[in-house]
Amino acid sequence: MVTVMATPWKLMRVLCYSRATLSQRVPVRGIPSDLMHVWSRTIFSNFAANTPTSNTVELHGKVYPRDDYTNVTERILSKVGRNLHNQRHHPLWLIKERIKDHFYKQYLGRFGTPLFSVYDNFSPVVTVEQNFDSLLIPQNHPSRKKEDSYYLNCTHMLRAHTSAHQWDLMHSGLDAFLVVGDVYRRDTIDRSHYPIFHQMEAVQLFSSHELFRNIKDGESFQLFEEGHRTAHKQETHTMEAAKLVEFSLKQVLTKLINHLFGDGLEVRWVDCYFPFTHPSFEMEIKYQGEWIEILGCGVMEQQLVNSAGIQDKIGWAFGLGLERLAMILYDIPDIRLFWSEDDRFLKQFCIPHIDQNIKFQPLSKYPPLINDIAFWLPSEKYSENDFCELVRNIGGDLVEKVDLIDKFTHPKTKKVSHCYRITYRHFERTLSQEEVHNVHQAIQKSAVKELGVEGRF
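Read on for an overview of the structure. (Residues numbered from 1 in each chain as written. Predicted model: local features only at pLDDT ≥ 70, side-chain atom pairs only at ≥ 80, totals over all residues. Heavy atoms only, no water.)

**Focus: the overall build of the protein**
Along the protein, the regular secondary structure elements total 13 helices and 15 strands. Residue burial in the protein is summarised as follows: out of 457 residues, 54% are buried. Carbon and sulfur atoms make up 50% of the accessible area of the protein, which totals about 20700 Å². (Helix = DSSP H or I, 4+ residues; strand = E, 2+ residues; numbered from the N terminus. Buried < 20%, exposed > 50% of the residue type's maximum accessible area, 1.4 Å probe, protein only. Areas by Shrake-Rupley, 256 points an atom, 1.4 Å probe, with all protein chains shown as cover.)

Laid out in structure tokens, this is it:
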């Protein structure tokens, strides 16, 4: 069974009582017992480092004043600038280069030069306007909440998608481009979700001549009309224009997927909703006998295009996750591996040609340690993403996944209890019960202090 994360655009669509028990004892090969007290102090020190010690956030040489919106942690900030997609022979770099190479060779301009320009080094710090307002994302959309995004302050944030650069690039006069970069979202913890992942965005705009030039009597067709919005088109688009842009989009994506996975792949398109496109689709492929969602796409909202100063063109856009494709193509089972600096992982992707077939050979699988944590929820607002963020801050990449395994409502007090199962596993060594116990205790104490829960430990 193939298990992979939801596509980046889908995440924008819907933003989306027991004592702790350890599994059987395993040999301690990690930290000697006489150094356990050092490890314990390190855990609490690391968490303390994630607690604001100044009234500003410094990133890339710029200083941002903290306010009530600030929720980005030092652990997340420490990942900014890693740019895994630009590290040669990293699996995310391989996927990026394969897609870029395909677009460079497949789509040429009038003078034989690549039609699409590529941008893969933009700063992940954007304004709230760039990330949301420019893309017509409503004020009450779930993705704007502090529980779902990382804010430096009320005006600046770590981009939640590479779409944040669409408006600026179109406004600069570009009409065909790819944007690649790291994006940041608060999310659940499991093998296919991580608060930082990498996305590729593509946009192509068409003038009336470009869209209709290969159509018989194309000069008689128009891009725009004053009509009505239907399931198949926007109110300002003619049906002919909308259908041709949709055809171009699906043809481009089908060629891309065939390039990555090989010819003969079964593809289907599922109607869906995104704030910045209409009509909108999710592309699914049949892979190893299962239908897997690959990416989100659609005809760009004309209001968005017009606002960038382009009133005479119509276009499409799509967004895909590089981790998602790499996990499928290379059989990478856990998203945390992309951040590994273990040569046993990285050397597997040092191949002479980017299109060479490769399947990840698993590292030695060390046994997991499992702890449960249960608590009564506070009477005020509680967010599961806040709890997951707290677990990430303290446990880091030792935490493989967090599952909500039980909900209980007290029949008299109506108080609600959650019980979570936290799975700890290290890629490079066996964890001891004692070090996991120390991490777990830090999570318990911090949940009470930071989230206002009442422990049932």
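And the narrative resumes.
**What about the pattern of salt bridges?**
Applying the stated criterion to the full structure yields 28 salt bridges. Linking Arg 336 and Glu 400 is a salt bridge whose minimum nitrogen-to-oxygen distance equals 3.4 Å. Of this pair, Arg 336 sits in the loop between α10 (322-329) and α11 (343-346) while Glu 400 sits in strand β13 (residues 399-409), and the two are 64 residues apart along the sequence. Taken together, the salt bridges that share partners define one network made up of Arg 191, Asp 334, Arg 336, Glu 400 and Arg 425. (Salt bridge = Lys/Arg side-chain N within 4 Å of Asp/Glu carboxyl O.)

**Overview of helix α12 (residues 384-395)**
Over its 12 residues, α12 runs 16 Å from end to end, which matches the ideal 16 Å to within 8%, given 1.5 Å per residue. Most of α12 is tucked away, with 10 of its 12 residues classed as buried. Taken together, the buried positions of α12 are occupied by Asn 385, Phe 387, Cys 388, Glu 389, Leu 390, Val 391, Arg 392, Asn 393, Ile 394 and Gly 395. You can read the cap of α12 off the contacts: a side-chain oxygen lies 3.2 Å from the backbone nitrogen of Asn 385, and it is on Ser 383. The positive-phi residue at the C-terminal boundary of α12 is Gly 396, with phi of around 55 degrees. (Expected span 1.5 Å × (residues − 1). Polar contact = N/O pair within 3.5 Å; in protein donor to acceptor, adjacent residues only side chain to side chain.)

**Considering helix α4 (residues 91-106)**
With 16 residues, α4 should reach 22 Å at 1.5 Å per residue; the first-to-last C-alpha distance of 22 Å fits that figure. α4 sits mainly inside the fold: 13 of its 16 residues count as buried.

**Overview of the state of the cysteines**
Taken as a whole, this structure holds 0 disulfides when the rule is applied. Here Cys 272 stays free of any disulfide, with the sulfur of Cys 297 as its closest cysteine sulfur at 7.3 Å. You can call Cys 272 buried: its relative accessible area is 18%. (Disulfide = S-S within 2.5 Å.)

**Structural notes on unusual backbone geometry**
Note on backbone geometry: most residues besides glycine have negative phi, and most peptide bonds are trans. The omega torsion of the bond from His 278 to Pro 279 falls at -5 degrees, within 30 degrees of zero and hence cis. Positionally, Pro 279 belongs in strand β9 (residues 277-287). Positive phi, close to 45 degrees, is recorded for Asn 83, a residue that is not glycine. Tracing the backbone shows Asn 83 in the loop between α3 (74-77) and α4. Here the phi dihedral of Asp 217 falls at roughly 55 degrees; this positive angle occurs in a residue that is not glycine. Residue Asp 217 is classed as partly exposed on the basis of its relative accessible area of 46%.

**Considering the sheet that holds strand β10 (residues 290-300)**
Taken in spatial order, the 7 strands line up as β3-β6-β7-β11-β10-β9-β8 in an open sheet, and their pairing is mixed. Where the open sheet ends on each side, the last strands, each with one partner, are β3 (117-119) and β8 (267-274). Adjacent strand axes in the sheet meet at a mean angle of 25 degrees, parallel and antiparallel pairs treated alike. Relative to β10, β9 is paired through 9 bridges, and the arrangement is antiparallel. Pairing of Tyr 287 across the sheet is with Glu 290, part of β10. Most of the contacts of α4 go to strand β7 (residues 196-206), to which it runs at about 10 degrees, and overall it touches β3, β6 (176-184), β7 and β11 (314-321). Helix-sheet contacts for helix α8 (residues 239-261) involve β7, β8, β9, β10 and β11, and the interaxial angle to β11 is about 30 degrees. (Pairing = 2+ DSSP bridges. Axes fitted to C-alpha atoms, helices over the stretch in contact; angles between N-to-C directions. Contact = heavy atoms within 4.5 Å.)

**Things to note about the pairing of strand β14 (residues 416-424)**
Walk down a regular strand and you will see the side chains alternate between the two sheet faces. Most of β14 sits out of view: 7 of its 9 residues are buried. Here strand β12 (residues 369-376) pairs with β14 via 8 bridges, running antiparallel. Looking at β14, one finds that Trp 376 is bridged to Ser 417. Looking at chain direction, β13 and β14 are connected through 9 bridges and run antiparallel. Pairing of Lys 401 across the sheet is with Thr 423, part of β14. From the end of β13 to the start of β14, which pair antiparallel, there are 6 residues, and Lys 414 there has a positive phi angle of about 65 degrees.

**Looking at the pairing of β12**
Within β12, 7 of the 8 residues are buried, leaving the element largely enclosed by the surrounding structure. Direction of pairing for β12 relative to strand β15 (residues 454-455): antiparallel, over a ladder of 2 bridges. The residue of β15 that forms the bridge with Trp 376 is Glu 454.

**Here's the deal with the sheet that holds β12**
With respect to topology, 4 strands assemble into an open sheet ordered β13-β14-β12-β15, the strand pairing being antiparallel. Since the sheet does not close on itself, it has two edges, and those belong to β13 and β15, each with one partner. Where α12 meets the sheet, its contacts fall on β12, β13 and β14, and the angle it forms with β13 comes to roughly 145 degrees. Most of the contacts of helix α13 (residues 433-451) go to β12, to which it runs at about 15 degrees, and overall it touches β12, β14 and β15.

**Notes on the packing of α4 against α8**
Two elements in contact, α4 and α8, have axes separated by 10 Å at closest approach and are oriented at 125 degrees. Classed by the angle they form, the pair α4 and α8 counts as oblique. α4 and α8 meet at a crossing whose hand is right-handed. Of α8, the residues touching α4 (which contributes Arg 98, Ile 99, His 102, Phe 103 and Gln 106) are Val 252, Lys 255, Leu 256, His 259 and Leu 260. (Parallel < 35°, antiparallel > 145°, perpendicular 65-115°, else oblique. Left-handed = near helix turned anticlockwise from the far one by under 90°.)

**Some details on the packing of aromatic side chains**
This structure, assessed with the given rule, holds 20 aromatic pairs. When the ring of Phe 274 is compared with that of Phe 276, the centres are 6.1 Å apart and the planes differ by 5 degrees; the resulting orientation is stacked. When its relative accessible area of 1% is taken as the criterion, Phe 274 is described as buried. Residue classification places Phe 276 among the buried residues on the basis of a relative accessible area of 1%. (Phe/Tyr/Trp six-rings, centres within 6.5 Å; stacked < 30°, edge-to-face > 60°.)

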